[in-house]
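The chain contents come next:
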Amino acid sequence: MTIIPDAGRHSVTTHFIDGAWTTASGPTFDVRNPLDDSLVAESAAGSASDMQTAVDAAARAFPAWAGMAPGERQRLFLAAADIVDRRHDELVRLMAIEGGASRAFSSFQIRLSSAMLRQAAGWGYLPAGDVLRSDVPGRTAFVTRKPLGVVAGFTPWNGAFYLAWRTFLLPLAFGNTTVIKPSELAPMSAGLIHAEILAEAGFPPGSFNVVTNAPGDAASVAEVFFESPDVRCINFTGSDKTARILGERAGRALKRMVLELGGFNPVLILDDADLEESVKAVTFGAFLHQGQVCMNARKVYVDRSLHDEFVERLVARVESLALGDPVDPAVIIGPLITDAAVEQIQARVQDALDRGATLATGGRHEGRVYAPTILTHVPKDAICSTGADETFGPLLVIEAFDDADTAMRDAQATPYGLSASIMTADRGRGLDLAARFDAGIVHINAPTMASEAALPVGGVKDSGWGRSGHYAVEDFTEVRLTTMSSGPGRYPF
Ligand code: ADP
């Protein structure tokens, strides 16, 4: 049995709490295919009381999970990785019908996810702490890394499958138990399917829990995370707008937060760059998942000597991408997630054109399928070009530059700082520029989206804080100091 709907049948989903699917009762909400609004699932519209039940289950499961031998945990993570690989084709279909993801994007996520599960399988064997020097004779001091307790996670609809794995497995790998609140737009790809996989792999009841909620109920359901003393950390992937609301609430509750937010990711193409490689890297980096990933490239700064040829070749490559229903494996550009997303991109393209920009390609849509759009000669005050706000869709701005240092400074005039890329044949020059970038990630000769399971992803400034990979040990553990003294102490009184 799986929650993934068959062709012609929608799913009815419930919460996953304490090792079991809860009995479906109470209200539901509809999850619809973004391509054609067909019904994909009726999902349980959870309440604060459901969430409290899940948090209680996670709290009960915590001591045993935290104390489990690393080898036992390793076996579970490796089993989950094998299930993810085995279910590749089903998962691709789920991501297409629920989130509008192309096969190329879903396969990318599946590969990253099983690789990350295999990485995480070994983290139980990372050093558990340090022995420290003490100035007091006869004293031994050591620190051990301790899991926090229950880590609550918000998972997003975009890149849902991979990002939900991140939200589950980074805390789990370091000994925490988890409760996930998936996005209302894709609750299966953003958490419920993970519950199915973790249960099959044999993770113990209560170590992972998922509670879904209807749009509009998020604040009241998530309030449990802030109120419960068992929840020690809130792990949010989403927009900086919502992160500010949650951050204010977390401030009052004095809760630790890990934030993976948006980006306005620039690409610098220097005069010595390989043009064909640059065209490929930008096409992939800007238009994977229709530009709905926080790490998509939003703006390309290209040396003026290359500008015209770069634009010409890029337009040709982008226009060759197939648009339509992502269930068709040849399709690269599927639908945007909502009408609001289409309206946002349309308004921003129009704003740029009204200010005098040139449309190199795109600027049109059929339903929610928006053609990849490239704008050149965009005035700096056009909304899509300022960097003040990410346009979450297939819209790329290209700007010619005369001086790489100035371009680099312009590229950083944004509150975001997630990913950047630099294309150049001179790796030393690339490293010099990279060192001056204020971003969590800088790739030299690779797209802004060059994720690998073992490498830390995360932002600076308004792109958030916290890192994936084993660096997440900083986010999901705390340091316990223990000292042990012998002999008489020396006291001033
Ligand atoms: P998106 O618009 O991409 O879905 P958001 O950042 O708006 O991203 O939402 C991400 C998550 O935050 C969703 O799970 C949503 O339910 C939740 N959310 C949105 N607003 C609030 C709020 N006021 N309180 C708690 N959760 C919220």
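Look up a bit, the structure's there.
Residues numbered from 1 in each chain as written. Predicted model: local features only at pLDDT ≥ 70, side-chain atom pairs only at ≥ 80, totals over all residues. Heavy atoms only, no water.

Around the ligand sit 14 residues in total, of which W157, K181, E184, S239 and T242 are the nearest. In the model, an oxygen atom of the ligand is placed 3.0 Å from a nitrogen or oxygen of the W157 side chain. Between an oxygen atom of the ligand and a side-chain N or O atom of S239, the distance comes to 2.7 Å. Computed on the free molecule, the ligand has an accessible area of 560 Å², of which 74% lies beneath the protein chains in the complex. (Near = heavy atom within 4 Å. Polar contact = N/O pair within 3.5 Å; in protein donor to acceptor, adjacent residues only side chain to side chain. Areas by Shrake-Rupley, 256 points an atom, 1.4 Å probe, with all protein chains shown as cover.)

A sheet is described by the order of its strands in space; here three strands give the open sequence β1-β5-β4, paired in mixed fashion. Sheet topology places β1 (11–13) and β4 (28–32) at the edges, where each strand pairs with a single neighbour. Pairwise comparison of adjacent strand axes, ignoring direction, gives a mean angle of 20° for this sheet. Examined bridge by bridge, β1 and strand β5 (residues 39–44) share three bridges and lie parallel to one another. Following the sheet pairing, T13 is matched in β5 by S43. (Pairing = 2+ DSSP bridges. Helix = DSSP H or I, 4+ residues; strand = E, 2+ residues; numbered from the N terminus. Axes fitted to C-alpha atoms, helices over the stretch in contact; angles between N-to-C directions.)

Counting 69 residues, the largest nonpolar core has F77, F161, W165, L169 and F203 as the members making the most contacts within it. At nine residues, the largest contribution of residues to this core is made by helix α5 (residues 160–173). Counting 25 residues, the second-largest nonpolar core is a separate cluster that includes F225, F226, F236 and A243. (Core = buried A, V, L, I, M, F, W, Y, C linked by side-chain atoms within 4.5 Å. Buried < 20%, exposed > 50% of the residue type's maximum accessible area, 1.4 Å probe, protein only.)

In this section: the packing of aromatic side chains. The final tally for this structure, using the stated rule, is 13 aromatic pairs. Ring geometry for W123 against F174: centres 5.4 Å apart, planes inclined by 0°, an arrangement best described as stacked. Taken together, the positions of W123 in the loop between α4 (103–121) and β6 (129–132) and F174 in the loop between α5 and β9 (177–182) put the pair 51 residues apart, joining distant regions of the chain. Relative accessible area serves as the criterion here: at 9%, F174 is assigned to the buried category. A centroid spacing of 6.0 Å and a plane angle of 90° characterise the contact between W157 and F392, whose relative ring orientation is edge-to-face. Pair noted here: W157 is in the loop between β8 (150–155) and α5 and F392 is in the loop between α12 (383–386) and β19 (395–401), with a separation of 235 residues, a long-range link. Comparing W157 with F392 shows no difference in burial state: the two are buried. The ring centre of W65 lies 5.2 Å from the NZ or CZ of R73, which sits over that ring. (Phe/Tyr/Trp six-rings, centres within 6.5 Å; stacked < 30°, edge-to-face > 60°. Lys NZ or Arg CZ within 6 Å of the ring centre and 35° of its normal.)

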